[in-house]
Amino acid sequence: MDNEIFDIAIIGAGPAGLFAQFYAGLRELKTALIEATPRIGGQITALYPEKTILDVAGFLGISGRDLVNELKLQTDLVDSKTFLNSEVTNLKKIASHFEIEINHHASFLAKSVIIASGNGSFSPRKIDVPGSSEAEQSGMLTYLLPGLSEVADKDFAVVGGGNTAVDYAVELIDHDCHVSLIHRRDNFRAMESSVTKLKNSRRTNFLTPMKITGLSPKKEKLEIELQSVPDGAVKRVSVDRLIGGFGFTASSRTINQWEEFPEQFNQGFLTNEAQMTSIAGIFAIGDASIYPGKSDLIATAFGEAPTAINQAVNYFDPDRGGPQHSTSLNKKEVFKHDRIKSRYNS
Ligand SMILES: Cc1cc2nc3c(=O)[nH]c(=O)nc-3n(C[C@H](O)[C@H](O)[C@H](O)COP(=O)(O)OP(=O)(O)OC[C@H]3O[C@@H](n4cnc5c(N)ncnc54)[C@H](O)[C@@H]3O)c2cc1C
């Protein structure tokens, strides 16, 4: 990617960054979407892929996973580059361009930058017991729900006492799995109705108050060693898969070290009515942006994306004009896929 000059670099492939990528494509901009993790979707993918989102315009209700899939299909229509596993480790101004450093070495230039980094990069809170690294490498310990279409009648264990663990367990019993829910207390800090649903299900086995003391991946199964919290008694169970449900942490540590660092308030970048930050040419959208009256919602992020893209064009190419309504665009020229172009041939 060295020496490439993009019109716009979008940092973060959550819903805000994905919709910005599509909209930039409609405006035929040379765009790079840069995501620190291996997967697109931001908080939706990391925290609630199976939950139903009710407040996205045009959908009566859509699962997180499906919304991210729809966004991906939309971005696939336009010409743009996506870089996964690519954390933006520095941002600095060089003459009239911004230099975007990736993973501390590669870099490229962009005429403008859109920060769509949410609350920072995500990582799950991990289980740290003897055998946990081996279990994770074997694929029998994960921190996200698997695709739920082919899991019926499998034996899962979920560990944790909050909403993440309880939501995972509910999704699994809803898909006809057996779930052992492991928690070091008898009480859960989660939605009461979900806990009641688990208690009323014959598919749930509560292993409380117990903590995991070791993991041993065997041929097909994962053996979990548990210790009773009150009396220290040891018990072993075997499951097809263990899911860690301790939640995720987002960290802005890397972003805080950027040389070009716009003004912040409450960990968001302060933006004006053009979604521009305190640094001309750097815009912020979605949860990364803050202004009076801001709601951290997907719908809000979808509105901020076109504002930022159009204002970015005004910033680096003020004579270009626009935007047009999408209904006036030549779809055959804008959309790159033949499959889509042919839809507009008649
Ligand atoms: C449990 C839960 C339920 C929710 N339910 C709803 C709901 O029903 N309706 C609703 O509207 N909203 C809901 N939200 C809020 C919604 O998910 C957020 O508002 C939305 O995800 C914000 O999108 P974003 O793209 O701004 O940021 P994010 O989704 O946080 O995405 C940011 C992306 O940027 C990446 N990134 C960060 N730093 C860097 C870097 N330095 N380099 C490269 N990439 C980087 C991150 O890895 C991440 O993928 C919910 C949130 C949670 C936690």
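Residues numbered from 1 in each chain as written. Predicted model: local features only at pLDDT ≥ 70, side-chain atom pairs only at ≥ 80, totals over all residues. Heavy atoms only, no water.

Topic: the site of the ligand
- Close to the ligand lie 31 residues; Glu-35, Tyr-48, Asp-55, Asp-287 and Ile-298 are nearest.
- Between the ligand and Ala-16 there is a distance of 3.0 Å, counted from an oxygen atom to a backbone nitrogen or oxygen.
- Protein burial of the ligand: of its 1,000 Å² of free accessible surface, 87% is covered by the chains.
- Counted by class, the shell around the ligand contains 15 nonpolar, eleven polar and five charged residues. (Near = heavy atom within 4 Å. Polar contact = N/O pair within 3.5 Å; in protein donor to acceptor, adjacent residues only side chain to side chain. Areas by Shrake-Rupley, 256 points an atom, 1.4 Å probe, with all protein chains shown as cover. Nonpolar A, V, L, I, M, F, W, Y, C, P; charged D, E, K, R; others polar.)

A closer look at the packing of aromatic side chains
- One pass over the full model with this rule turns up seven aromatic pairs.
- Arranged with centres 6.1 Å apart and planes meeting at 35°, the rings of Phe-19 and Phe-22 form a pair that is tilted. Here the residue Phe-19 and the residue Phe-22 both occupy positions in helix H1 (residues 15-26), the gap between them amounting to three residues, near one helical turn.
- Taken together, the aromatic side chains of Phe-6, Phe-83 and Phe-108 make up a single cluster linked through ring pairs.
- Note that Lys-30 overlies the ring of Phe-6, its terminal NZ or CZ placed 5.3 Å from the centroid. (Phe/Tyr/Trp six-rings, centres within 6.5 Å; stacked < 30°, edge-to-face > 60°. Helix = DSSP H or I, 4+ residues; strand = E, 2+ residues; numbered from the N terminus. Lys NZ or Arg CZ within 6 Å of the ring centre and 35° of its normal.)

Re the sheet that holds strand E15 (residues 222-228)
- Spatial strand order, E14-E15-E16: three strands in an open sheet with antiparallel pairing. Either end of the sheet is taken by a strand with one partner, and the two such strands are strand E14 (210-217) and strand E16 (234-239). Across the sheet, the mean angle separating the axes of adjacent strands is 25° when strand polarity is ignored.
- Judged from the six bridges that link them, E15 and E16 form a sheet pairing that is antiparallel. Counterpart to Glu-223 in the pairing with E16 is Ser-238. (Pairing = 2+ DSSP bridges. Axes fitted to C-alpha atoms, helices over the stretch in contact; angles between N-to-C directions.)

A look at the UniProt feature "binding site: FAD" in the chain
- UniProt tags Glu-35, Gln-43, Tyr-48, Val-88, Phe-122, Asp-287 and Thr-327 as "binding site: FAD". These residues run over 293 residues, and the two farthest C-alpha atoms among them are 37.0 Å apart, placing them at more than one spot.
- Following the sequence through the fold, Val-88 ends up in strand E6 (residues 88-94).
- In this view, Phe-122 contacts Thr-37, Gly-42, Gln-43, Ala-46, Leu-47, Phe-248, Thr-249 and Ala-250; residues no more than four positions away in its chain are not counted. (UniProt positions renumbered as here; feature names shortened; annotations may be inferred. Contact = heavy atoms within 4.5 Å.)

Focus: helix H5 (residues 163-174)
- The end-to-end C-alpha separation of H5 is 16 Å, in line with the 16 Å expected for twelve residues at 1.5 Å each.
- Counting buried residues along H5, nine of its twelve residues qualify, which places the element largely inside the surrounding structure.
- Inspection of H5 places Ala-165, Val-166, Asp-167, Tyr-168, Ala-169, Val-170, Glu-171, Leu-172 and Ile-173 among the buried residues, and these make up the whole buried set.
- In the segment just after H5, Asp-176 is the residue with positive phi, at about 60°. (Expected span 1.5 Å × (residues − 1). Buried < 20%, exposed > 50% of the residue type's maximum accessible area, 1.4 Å probe, protein only.)

What about the sheet that holds strand E12 (residues 178-182)?
- As summarised here, the arrangement of the five strands in space is E10-E17-E11-E12-E13, forming an open sheet in which the pairing is parallel. Only two strands of the sheet have a single neighbouring strand rather than two, namely strand E10 (141-142) and strand E13 (204-207).
- Sheet analysis places strand E11 (residues 155-159) next to strand E17 (residues 241-244), joined by four bridges and oriented parallel. Across the sheet, residue Val-159 finds its bridge partner in E17, namely Gly-244.
- Seen against the sheet, H5 touches E11, E12, E13 and E17 and runs at an angle of roughly 165° to E11.

Section: the pattern of salt bridges
- What the rule picks out here adds up to twelve salt bridges.
- Between Arg-203 and Asp-153 there is a salt bridge, with its nearest N and O atoms 3.9 Å apart. In this pair, Arg-203 sits in the loop between helix H6 (192-199) and E13 while Asp-153 sits in the loop between E10 and E11, placing the two residues 50 residues apart along the sequence.
- Assessed through its relative accessible area of 26%, Arg-203 is described here as partly exposed.
- Note that Lys-221 and Asp-240 form a salt bridge whose closest N and O atoms lie 3.3 Å from each other. (Salt bridge = Lys/Arg side-chain N within 4 Å of Asp/Glu carboxyl O.)

Focus on the packing of H1 against helix H3 (residues 64-76)
- Relative orientation of the contacting elements H1 and H3 amounts to 25°, with a least axis distance of 8 Å. In terms of orientation, H1 and H3 fall into the roughly parallel class. Where H1 crosses over H3, the two elements pack in a sense that is left-handed. Contacts between H1 and H3 involve Pro-15, Leu-18, Phe-19, Gln-21 and Phe-22 from the former and Leu-71, Gln-74 and Thr-75 from the latter.
- Across the contact of H1 with H3, the residue classes tally to five nonpolar, three polar and no charged. (Parallel < 35°, antiparallel > 145°, perpendicular 65-115°, else oblique. Left-handed = near helix turned anticlockwise from the far one by under 90°.)

Overview of H1
- Between its terminal C-alpha atoms H1 stretches 17 Å, which fits the 16 Å expected from twelve residues at 1.5 Å a residue.
- The buried count for H1 comes to twelve of twelve residues, which makes it a mostly enclosed element.
- Glu-28 occupies a position one or two residues after H1 and carries a positive phi of about 55°.

Focus: unusual backbone geometry
- Cis geometry marks the peptide bond from Thr-208 to Pro-209, where omega comes out at -20°.
- By the element assignment, Pro-209 lies in the loop between E13 and E14.
- The step from Gly-322 to Pro-323 runs through a cis peptide bond, and the omega angle for that step is 5°.
- Tracing the backbone through its elements, the reader meets Pro-323 in the loop between helix H7 (298-316) and helix H8 (331-334).

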